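Residue-level listing of the chains:
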Amino acid sequence: GAVVSQHPSWVICKSGTSVKIECRSLDFQATTMFWYRQFPKQSLMLMATSNEGSKATYEQGVEKDKFLINHASLTLSTLTVTSAHPEDSSFYICSARGSRTGSFNQPQHFGDGTRLSIL
Amino acid sequence: EDQVTQSPEALRLQEGESSSLNCSYTVSGLRGLFWYRQDPGKGPEFLFTLYSAGEEKEKERLKATLTKKESFLHITAPKPEDSATYLCAVQDTGTASKLTFGTGTRLQVTL
């Protein structure tokens, strides 16, 4: 149980392209999904928290117009990196948390990440 | 501001050689402490949640313990397949859903 699927697993594209990454909870409903960024040998840094049907909450320093997040259903959230540049190259990981009662401190379950390389 | 410090950064063990990984944390109020395992190029895999000091949880060769300032992940008689990066994260009662992660301990278990 608690499977999170992330797609695509890797993307290589030219500078200026917009890239969309999908995150799906396959066997549970996720009222809250999270988007992280991870640099080599560094920790996961939270970018934003999204709740189904409402606007995402972005962490300080994360440009909301650059990283568009949509959480249209209880099983799907998307992250779009708009007009990507080489400095946006990174490993992006999503996670989801279930919606059952008392879920506030339930664990987040992670997707396998998307390796984004901007040329 | 919540802080999580993990040590050591890297650990190399021989198969069967037991050891412990440390996670020291600072939070205003602990809602939960989480241990994850991350393999190269993959997302973190959930291992344990600990909620209060004195709590312990076990899974196969792994045992996690919690005090008011730190958590330990004990690995008993490790095997090569236990090689991975182990991440510790805390959730503060004042920051709702947010997890603050440490930088992890890279564990390598050799034959």
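Residues numbered from 1 in each chain as written. Chains lettered and ligands numbered in written order. Predicted model: local features only at pLDDT ≥ 70, side-chain atom pairs only at ≥ 80, totals over all residues. Heavy atoms only, no water.

Draft legend 1. The arrangement of the side chain of Gln6 of chain A in detail. All names here are of chain A. As for its placement among the helices and strands, Gln6 is situated in strand β1 (residues 4-7). One polar contact links Gln6 to Thr114, side chain to side chain, over a distance of 3.1 Å. Beyond its immediate sequence surroundings of up to four residues, Gln6 is in contact with Ile21, Glu22, Trp35, Tyr92, Ile93, Cys94, Gly111, Asp112, Gly113 and Thr114. (Helix = DSSP H or I, 4+ residues; strand = E, 2+ residues; numbered from the N terminus. Polar contact = N/O pair within 3.5 Å; in protein donor to acceptor, adjacent residues only side chain to side chain. Contact = heavy atoms within 4.5 Å.)

Draft legend 2. Structural view of the interface of chain A and chain B. Listed by partner, the interface residues are 20 residues for chain A and 21 residues for chain B. Around 1,700 Å² of area is buried between chain A and chain B when both sides are counted, 56% of it from carbon and sulfur atoms. Linking chain A with chain B are 2 salt bridges, by the criterion used here. Put simply, chain A and chain B have 6 residue pairs in polar contact (both at pLDDT 80 or more) between them. (Buried area = accessible area lost by both parts, 1.4 Å probe. Salt bridge = Lys/Arg side-chain N within 4 Å of Asp/Glu carboxyl O.)

Draft legend 3. Spatial organisation of the nonpolar core. In this structure, Trp35, Leu79, Tyr92 and Leu116 of chain A are the most contacted members of the largest nonpolar core, which totals 23 residues. Looking at this core, the elements that each hand over two or more residues are β2 (10-13), β3 (19-25), β4 (30-38), β5 (44-51), β7 (67-73), β8 (76-81), β9 (90-98) and β11 (114-118) of chain A. Not counting residues within four places of it along the chain, the set of residues in contact with Leu116 of chain A comprises Val11, Cys13, Val19, Val81, Asp88, Ser89, Ser90 and Tyr92 of chain A. Ranked by size, the runner-up nonpolar core spans 22 residues in total, among them Leu21, Cys23, Leu33 and Leu50 of chain B. (Core = buried A, V, L, I, M, F, W, Y, C linked by side-chain atoms within 4.5 Å. Buried < 20%, exposed > 50% of the residue type's maximum accessible area, 1.4 Å probe, protein only.)

Geometric values such as these leave the question of function open.
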